[in-house]
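Next come the chains, spelled out residue by residue.
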Amino acid sequence: PTQMAVSETIALASTLKREGIPIRRCVVNQVLPKDAADGGLKLIETRQKDQERAIEMLEGDPSLASLEQLRSPFLDLEVKGVPALQYFGRGLWQGSSTLADAASERDQRFVIVGGKGGVGKTTTSASLALQYAEQGHEVLLVSTDPAHSLGDSVAQDVSGGEPVRLQGTDLPVHAMEIDPEEAMAKLRAALSEAEASAESVGGGEGASSSTDAKVDLGNILRKVQELKLGELLEDPPPGTDEAIAVAKVVQFAEKPEYQRFTRVVIDTAPTGHTLRLLTLPAFVSLSVDKILKFRGVIAQVAGAAKGDAAIAKLEDLRRQMDAVQALFRDKSKTEFVIVGIPTYLSVAESGRLASALAEEDVFVRHVVVNQILDFGGGAEEEDKIKAFVKSRMREQEQALARLEGDDATSSLEIREAPVINMEVR
């Protein structure tokens with residue numbers, strides 16, 4: 001029950017209603033108990049023990065143990081808006097290798113942030129962008145996550161696919177959300193045009209009426225069918241939309257007028273999308289290459305001019321995918337930051353992501369662990385825990401009130417699932 005989670009839930013409910021998809025219930029997880037007699041002491045104590053086990057697991061994982069571990073505390077207020085993100089970022093990133101490189105002008109231009117859903121990737125990305133700006137860089141902060149929580153994080157509308165200067169700071173930071181669906185629609189349009197060009201081969205005016213030409217034509221059409229272009233068009237592999245969106249970011253950042261951005265921070269979708277993102281550019285490039293191999297034979301039958309516009313679009317798509325593939329593995333230009341929280345499920349997923357990045361030869365040196373429960377110990381610890389829980393309760397009540405009062409969700413049956421004193425797995 002946070003403001004950012006509620007914003008995303010409202011957006012989802014609005015979309016489902018607009019599409020005519022019936023919804024009846026909304027489940028709110030991790031609701032703090034309102035009647036905790038001890039002020040939440042037992043709950044926090046148990047969660048801290050789970051946290052210790054998760055940190056031990058992280059430090060014992062071969063894929064994660066060698067990474068520089070950055071920790072951020074579980075704050076009693078939701079981190080939202082530029083001032084809060086700057087405060088959060090100074091505590092998280094000061095002294096890190098990436099900021100040291102930023103100060104020394106190392107050309108590590110692209111930073112890709114990824115991890116499990118709900119671990120604070122967007123907050124981490126935005127805070128890093130602001131810290132780079134404090135080091136003197138002009139920064140472009142981009143979200144390719146279909147959930148589009150970047151605007152909620154910076155408390156500003158950054159939709160529209162064009163950079164928007166962040167308000168509330170004099171730092172040179174621009175932000176933008178890229179819609180993967182819109183980027184995917186352009187791919188479908190290009191494939192549709194290519195498919196139409198291929199299908200027109202058989203009845204085109206350029207086709208020969210000789211027996212040999214007919215034999216060749218049958219062979220060509222059979223090979224064109226083997227491309228399964230329709231399959232790519234109607235049911236592309238998962239992650240294709242985000243691969244296209246990231247390609248758009250790279251293409252955008254390379255334009256002369258945007259060379260002023262010396263750091264580009266990319267906030268990605270959850271881990272599953274990211275893992276597919278590592279291999280999708282190669283798949284799309286190979287698929288397009290397969291199509292282009294028939295350009296000569298199609299031109300032979302249909303005439304050189306037929307399909308050239310579609311072919312040009314596909315060639316451009318292939319170049320973009322090749323550029324993304326190369327960029328991911330260019331250690332001089334790109335690094336990946338893994339974000340998680342101290343739970344078994346998050347650490348396990350972070351470990352899988354780190355292994356996949358290593359296999360794909362992607363440069364990664366940081367693992368960020370958010371939501372660390374640490375009250376300093378000592379005589380005042382109990383009072384600090386009670387104050388923390390009380391503050392989070394106020395935030396929770398405001399978020400739930402907004403959920404219950406919004407037109408998109410007020411008619412739903414809202415079910416609250418409480419935070420319990422162990423990880424559910």
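Residues numbered from 1 in each chain as written. Predicted model: local features only at pLDDT ≥ 70, side-chain atom pairs only at ≥ 80, totals over all residues. Heavy atoms only, no water.

A. Just the overall build of the protein, in detail. When you go through the protein residue by residue, the secondary structure sums to 16 helices and 10 strands. Contacts in the protein between residues far apart in sequence, at least 24 positions, make up 83% of those at least 6 positions apart. (Helix = DSSP H or I, 4+ residues; strand = E, 2+ residues; numbered from the N terminus. Contact = heavy atoms within 4.5 Å.)

B. The arrangement of a nonpolar patch on the surface in detail. Nonpolar side chains collect at one region of the surface, where Ile420, Met422 and Val424 lie side by side and expose about 290 Å² of accessible area between them. Structurally, the position occupied by Val424 is in the segment after β10 (413-418). (Patch = residues over 30% accessible without salt bridge, like charges linked within 9 Å, V, L, I, M, F, W, Y side chains within 5 Å. Areas by Shrake-Rupley, 256 points an atom, 1.4 Å probe, with all protein chains shown as cover. Salt bridge = Lys/Arg side-chain N within 4 Å of Asp/Glu carboxyl O.)

C. Broad picture of the side chain of Asp50. Note that Asp50 resides in helix α2 (residues 41-60). A polar contact is formed between the side chain of Asp50 and the side chain of Arg53, at a distance of 2.3 Å. Within polar-contact distance, the side chain of Asp50 engages the backbone nitrogen of Glu423 at 3.3 Å. Leave out the neighbours within four places in its chain, and Asp50 touches Pro342, Asn421, Met422 and Glu423. (Polar contact = N/O pair within 3.5 Å; in protein donor to acceptor, adjacent residues only side chain to side chain.)

D. A look at the packing of aromatic side chains. Taken as a whole and judged by the stated rule, the model has three aromatic pairs. Seen from their ring centres, Phe74 and Phe388 are 5.5 Å apart, and the 80° between their planes marks the pair as edge-to-face. Here Phe388 lies in helix α16 (residues 381-405) and Phe74 lies in the loop between β2 (68-73) and α4 (82-93), a separation of 314 residues in the sequence. Phe388 sits in the buried class, given a relative accessible area of 8%. Ring geometry for Tyr258 and Phe261: centres 6.1 Å apart, planes at 10°, overall stacked. Pair check on accessibility: Tyr258 and Phe261 agree, each one buried. Lying over the aromatic face of Tyr132, Arg263 brings its terminal NZ or CZ to 5.3 Å of the ring centre. (Phe/Tyr/Trp six-rings, centres within 6.5 Å; stacked < 30°, edge-to-face > 60°. Buried < 20%, exposed > 50% of the residue type's maximum accessible area, 1.4 Å probe, protein only. Lys NZ or Arg CZ within 6 Å of the ring centre and 35° of its normal.)

E. Structural detail: the pairing of strand β9 (residues 364-372). In terms of burial, β9 is a largely internal element, eight of the nine residues being buried. Bridge count for β2 against β9 is five bridges, and the pairing is parallel. Pairing of Arg71 across the sheet is with Val369, part of β9. One ladder, built from five bridges, connects strand β8 (residues 334-340) with β9; its direction is parallel. Pairing of Ile338 across the sheet is with Val367, part of β9. (Pairing = 2+ DSSP bridges.)

F. Layout of the environment of Gly117. Summarising the element assignment, Gly117 is placed in the loop between β3 (110-115) and α6 (121-134). With a relative accessible area of 36%, Gly117 lands in the partly exposed category. Distance from Gly117 to Gly340, taken between C-alpha atoms, is 8.8 Å for residues 223 residues apart in sequence.

G. Examining the pattern of salt bridges more closely. This structure, assessed with the given rule, holds 11 salt bridges. Among the ionic pairs, Arg260 bridges to Glu138, the shortest N-O distance being 2.9 Å. With Arg260 in the loop between α11 (240-253) and β7 (263-267) and Glu138 in the loop between α6 and β4 (139-143), this residue pair connects regions lying 122 residues apart in the sequence. Across the pair Glu335 and Arg365 runs a salt bridge, and its minimum N-O distance is 2.8 Å. With Glu335 in strand β8 and Arg365 in strand β9, this pair connects stretches of sequence that are 30 residues apart. Each member of the pair, Glu335 as well as Arg365, carries the same accessibility label: buried. Each of the salt bridges in this network shares a partner with another, and the network as a whole consists of Arg25, Glu413 and Arg415.

H. Here's a closer look at α4. For α4, spanning 12 residues, the distance from its first C-alpha to its last is 16 Å, which sits close to the expected 16 Å at 1.5 Å a residue. Buried within α4 we find Val82, Leu85, Gln86, Phe88, Gly89, Leu92 and Trp93. Tucked inside the fold, the buried residues of α4 contact β2, α5 (97-103), α6, α7 (150-154), β8 and β9. Gly95 occupies a position one or two residues after α4 and carries a positive phi of about 85°. (Expected span 1.5 Å × (residues − 1).)

I. Summary view of the sheet that holds β9. In space, the eight strands of this open sheet follow the order β2-β9-β8-β3-β7-β4-β6-β5, with mixed pairing throughout. Each end of this open sheet is capped by a strand with a single partner; those strands are β2 and β5 (164-165). Against the sheet, α2 contacts β2 and β9, and its axis sits at roughly 175° relative to β9. (Axes fitted to C-alpha atoms, helices over the stretch in contact; angles between N-to-C directions.)

J. The packing of α4 against α6, seen in detail. Where α4 contacts α6, the axes come no closer than 8 Å and their chain directions differ by 80°. Between α4 and α6, the angle falls in the class roughly perpendicular. Contact with α4, carried on its side by Val82, Leu85, Gln86, Phe88, Gly89, Arg90, Leu92 and Trp93, involves Thr123, Thr124, Ala126, Ser127, Leu128, Leu130, Gln131 and Glu134 of α6 and no other residues of that element. The residue inventory of the contact of α4 with α6, partitioned by class, reads eight nonpolar, six polar and two charged. (Parallel < 35°, antiparallel > 145°, perpendicular 65-115°, else oblique. Nonpolar A, V, L, I, M, F, W, Y, C, P; charged D, E, K, R; others polar.)

K. Examining the pairing of β3 more closely. Counting buried residues in β3 gives six out of six residues, a clear majority hidden from the surface. Where burial is concerned, the two faces of β3 agree: the one with Phe110, Ile112 and Gly114 and the one with Val111, Val113 and Gly115 are both buried. In the sheet, β3 pairs with β7 via four bridges, with the strands oriented parallel. Within the sheet, the bridge partner assigned to Val113 lies in β7 and is Asp267. Pairing geometry for β3 and β8, over six bridges, is parallel. What sits directly across from Gly114, in β8, is Ile338.

L. Just unusual backbone geometry, in detail. Of note, Ala155 is a non-glycine position whose phi angle comes to about 55°, a positive value. Tracing the chain through its elements places Ala155 in the loop between α7 and β5.

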